[in-house]
Amino acid sequence: MTRVDVRKGLWITLFVLPGLAVVGVFILLPLFVSLFNSLFNWQQLIRGGFVGLDNFRKILLADPYRTRFFNALGNNLKWFIVTMLVQNSIGLLFGYLLSRKVAAGGFYKRIFFIPVLFSIVAVGFLWGLYLKPNGLVNAFLKLVGLPGWTHAWLGEEKIATFSVIVVNIWRWVGFPSLVFLAAIDSLPGECFEAAYLDGAREWTTFWKIVIPLIVPAITVITVLTIIGSLNVFEQVYTMTGLDGPPNYSTDTIGTLFYRTAFGSVDSGNPQIGIGSAIGVVIYLLTFVASIGSIVATRSREVEL
Amino acid sequence: MNRRKVFLASLLVFAVAGFAFAQKATIQYWTWRPEDVDKYNQLLSDFQKQNPDITVVQTAQKNTEYNTILSAALSGGSGPDVFQSRAYGGLETFAQSGYMEPLEQWVPELKGFASAPLRGATSIKDGKIYGVPFASQTLFVYYNKKMYAKLGLKPPATWAQFLANLDAMKKAGIQPLANGGKDGWTLEVMMGALCPNFYGANDYFNAVVKGQTNFQDARFVNAIGRLKDLIPYLPNLYMGVSYTDMQTAFINEQAGHFIGGSFEAGYFASQNPDLQFDVFPGPAAKAGDPQYVSTYADGNFSMNAASKNKAAAAKLLRWFASKATGDFFIKSLKQVSVVPGVDTSADPFITKVLSFQKYETPYVFLVGFRYQQPTGSTLAQAALQGMLAGTLSPADVAKQIQDGIATYYAPFKK
């Protein structure tokens, strides 16, 4: 190696080091500490004996942990499905319409994106107020003559999770819209011209040309949706509560993890071992699902 | 006197003086009530006036971080000599880790304390007392006195009278109950305030703790089923009504009753000085029966087992077990002190709460079933939400609570 190469290598190391240190201390270290903690039996705040994978066995096989875990995971699945179907479809629609240069498109683009910039806690708190029995949403429904449609949006088991998801979609839909808009705008104009000359209609153009060419953007949004759906926490914490009320209907593995590891002040004691194990499972699920979806969508990518 | 004797005598004087100087002890005291530090300083300065050889240094930690900081300090050997400790399951963590000194020998005043508060300071494993209890909480029903006067109602003694009062309010166009179901713990409070009179208070509690019966006992199933009687009187869309909504409705006189605990009174009074409220204990199942209230210990003062100043720490704990501290709790903190024989006449509300405690029963899940996960509270809060929403029957609720606790509770495994 020449002296220049060594110097270059040192410089690169110097620039990479701060980032590496941050990732190491705040991401990798906690990950390994929680993996370590998950292998022990904890007497509340004191680490007890080594129990191997027993905490994982409890989560997956033993009641009551199993019931809570799979109930929460089922809700994460609801988050994923509804977000994919509703949020990302709307995002795709908005992105496509904006790319078609609709009137006042620039204005809409900004309006859609504004909620993305809001603090998630503020959004959760405010929508929590709007969705109260006497809140804005029910007041509006009564005003427009639909008093039968009023609900305890965050208090009814059947709809509470969907209420929280819809609020999150309201907050986040601007993000996929913008990503899809950017992807569609970057497509070469010749493709559209050729399609137009061949007599393809709007619908055909969309399905046969736009969709195959923006698969990389769809991959990104899908992976982000998977990660987001598995890491839901703040939305539930601020709108319904740490126990996933009512009757665990809004519980997610994020809230389950938090209250298992740290204890819900109103009802329980901390179980750090099992909580850490849930944390590790969340990590593994996110990792595997993300890799899986990248592999699955990459095969559909079309090279220009 | 020769020189040698003078030398020896002066040595002795120095030694005694030195010993006396060493006796001047500093006690570190920790609390989770940063908001009460100034008030506690007054109490501690009174203590130091009576014990000039002891200096107490108070440190307050944030409530939600207290357990973590305290356990780190105690396990690292840098913990305080005396500290506030949680009751029941919260005490057990520290007592069984060997961080707490058993207090029977150090604080003879504990003998005079009632058994209910002592329970929160006693380890369930070895039966030793690890804390001086400081306050109790009681669950009951608040009502709006103006509304009662306007409608000519009287505080109910029986369940039937209670329902009749609620009905009268509803007919008069007043929201009868402020309570809702969005926050599960408020349902556990509702259960604690109203159900003991149906499940047979202490008889049932003692039996279920020993495993002689369980939560699927018909008495318990019937008791929680009574809560469904209240559904017609709960606010519109009550499953969406949160704890703060409940407080707001009662404080702003939009609802006639609030089922809650003694801890609410101070907040109610401070938020709306014009609000005229009073309280009654949970109504009896039938006329003439005593009206039981659920009570629980709020917390304790404990001693670090590794303290180097145990004698001085014990003096401070004896002060915390004295009437001076009892008076301080009632007058300065407006809390129901559990120090025996304290004069409460200056505060009619506390006097009334104490009169309810003539028929007290332990707040079932906090007192008996908060030691392991899933706690009775966790199970009951979720299941009661299901029951009030109509998705679970009282028998389902009982089964969920029983199955959850039976996963670890030895008396249920027999």
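What counts and what doesn't
- Numbering of residues starts from 1 in each chain and follows the order in which that chain's sequence is written.
- Lettering of chains starts at A and numbering of ligands starts at 1, both following the order in which they are written.
- Only residues with pLDDT of at least 70 are given local features in this predicted model, and only at 80 or more are side-chain atom pairs given and counted; all residues enter the totals for whole chains, interfaces and linings.
- As a rule here, side-chain values come from all non-hydrogen atoms in the structure, and water together with hydrogens is ignored.
- Secondary structure elements are defined from DSSP: runs of H or I of at least 4 residues count as helices, runs of E of at least 2 residues count as strands, and each element is numbered from the N terminus.
- Between buried and exposed lies partly exposed: a residue is buried under 20% and exposed over 50% of the maximum accessible area for its type, with that area taken using a 1.4 Å probe on protein chains only.
- Contacts between residues were defined by any pair of non-hydrogen atoms, one from each residue, lying within 4.5 Å.
- To be clear on the numbers: accessible area is Shrake-Rupley with a 1.4 Å probe, and residue cover counts the displayed protein chains and nothing else.
- We score Asp and Glu as negative and Lys and Arg as positive, and we do not count His or the chain ends.
- To locate a charge, take atom NZ for lysine, CZ for arginine, CG for aspartate or CD for glutamate.
- Note: domain ranges come from an automatic or database domain assignment.
- We define buried area as the total accessible area lost by two parts upon association, computed with a 1.4 Å probe and summed across both.
- Criterion for a salt bridge: a side-chain nitrogen of Lys or Arg within 4 Å of a carboxyl oxygen of Asp or Glu.
- Two N or O atoms count as a polar contact when they lie within 3.5 Å, although within protein this holds only if one can serve as hydrogen donor and the other as acceptor, and sequence-adjacent residues are included solely when both atoms are side-chain atoms.
- Throughout this entry, Asp, Glu, Lys and Arg are counted as charged residues, while Ala, Val, Leu, Ile, Met, Phe, Trp, Tyr, Cys and Pro are counted as nonpolar. The remaining residues, Gly among them, count as polar.
- Patch definition: residues above 30% relative accessible area lacking any salt bridge, with like charges linked at up to 9 Å and the nonpolar side chains Val, Leu, Ile, Met, Phe, Trp and Tyr linked at up to 5 Å.

### Focus: the overall build of chain A
Consideration 1: In terms of helices and strands, chain A carries 14 helices and two strands.
Consideration 2: Taken along the three principal axes of its C-alpha coordinates, chain A extends 80 × 75 × 30 Å.
Consideration 3: The buried share of chain A, taken over its 304 residues, is 43%.
Consideration 4: Within chain A, contacts between residues at least 6 apart in sequence are counted, and of these 65% link residues at least 24 apart.
Consideration 5: A total of about 16700 Å² of accessible surface is found on chain A, and carbon and sulfur atoms cover 72% of it.
Consideration 6: With 22 positive and 16 negative side-chain charges, chain A shows a spacing of 4 Å between the two charge centroids.

### Notes on the domain arrangement of chain B
All names here are of chain B.
Consideration 1: Here the domain parsing of chain B yields domain 1 (3-135 + 298-343) and domain 2 (137-295 + 360-413).
Consideration 2: Averaged C-alpha coordinates put domain 1 and domain 2 at centres separated by 35 Å.
Consideration 3: The partner domain 2 presents nine residues to the nine residues of domain 1 that form the contact.
Consideration 4: Counting each side, the surface lost to burial between domain 1 and domain 2 is near 840 Å², with a carbon and sulfur contribution of 61%.
Consideration 5: Among the residues of domain 1 in contact with domain 2, Y88, R119 and I124 are the three that bury the most area, contributing 56% of the side total.
Consideration 6: Along the contact surface separating domain 1 from domain 2 lie zero salt bridges.
Consideration 7: Connecting domain 1 to domain 2 are two residue pairs in polar contact (both at pLDDT 80 or more).
Consideration 8: Only helix 4 (89-96) and helix 5 (115-119) provide two or more residues apiece to the side of domain 1 that touches domain 2.
Consideration 9: Of the residues in the side of domain 1 that touches domain 2, the class split is four nonpolar, two polar and three charged.

### Observations regarding the environment of A:L141
Residues and elements named next belong to chain A.
Consideration 1: With respect to the helices, strands and loops of the structure, L141 is situated in helix 6 (residues 136-143).
Consideration 2: Judged by relative accessible area, L141 falls into the buried class, the value being 10%.
Consideration 3: Counting along the chain gives 10 residues from L141 to H151, while the straight-line C-alpha distance between them is 9.8 Å.
Consideration 4: Ignoring any residue separated from it by four or fewer positions in sequence, one finds L141 in contact with L146, P147, W149, T150 and W153.

### Considering a positive patch on the surface
All names here are of chain A.
Consideration 1: Taken together, R100, K101, K109 and R110 make up a surface patch of like positive charges.
Consideration 2: Its location among the elements puts R100 in the loop between helix 3 (65-99) and helix 4 (105-117).
Consideration 3: Accessibility expressed as a relative area gives 35% for R100, which makes it partly exposed.

### Quick look at the pattern of salt bridges
Consideration 1: As enumerated under the stated definition, the model contains 18 salt bridges over all chains in all.
Consideration 2: Here B:D245 and A:K132 are joined by a salt bridge, their closest N and O atoms 2.4 Å apart. Here B:D245 is found in helix 12 (residues 243-251), whereas its partner A:K132 is found in the loop between helix 5 (120-130) and helix 6 on a different chain.
Consideration 3: Across the salt bridge formed by A:R259 and A:D251, the nearest N and O atoms sit 2.9 Å from each other.
Consideration 4: Accessibility expressed as a relative area gives 8% for A:R259, which makes it buried.
Consideration 5: Three or more residues are tied together by salt bridges with common partners; here these are A:D243, A:D251 and A:R259.

### Side note on unusual backbone geometry
Consideration 1: Put simply, A:D63 and A:P64 share a cis peptide bond, and its omega is 0°.
Consideration 2: Look at the link from A:P245 to A:P246: it is a cis peptide, with omega at -5°.
Consideration 3: As for its position among the elements, A:P246 is in the loop between helix 12 (234-239) and helix 13 (253-262).
Consideration 4: The phi torsion at B:A201 lies on the positive side, around 30°, for a residue other than glycine.
Consideration 5: Of note, the phi angle at B:E253 is positive, near 55°, even though the residue is not glycine.
Consideration 6: Positionally, B:E253 belongs in the loop between helix 12 and strand 6 (255-261).

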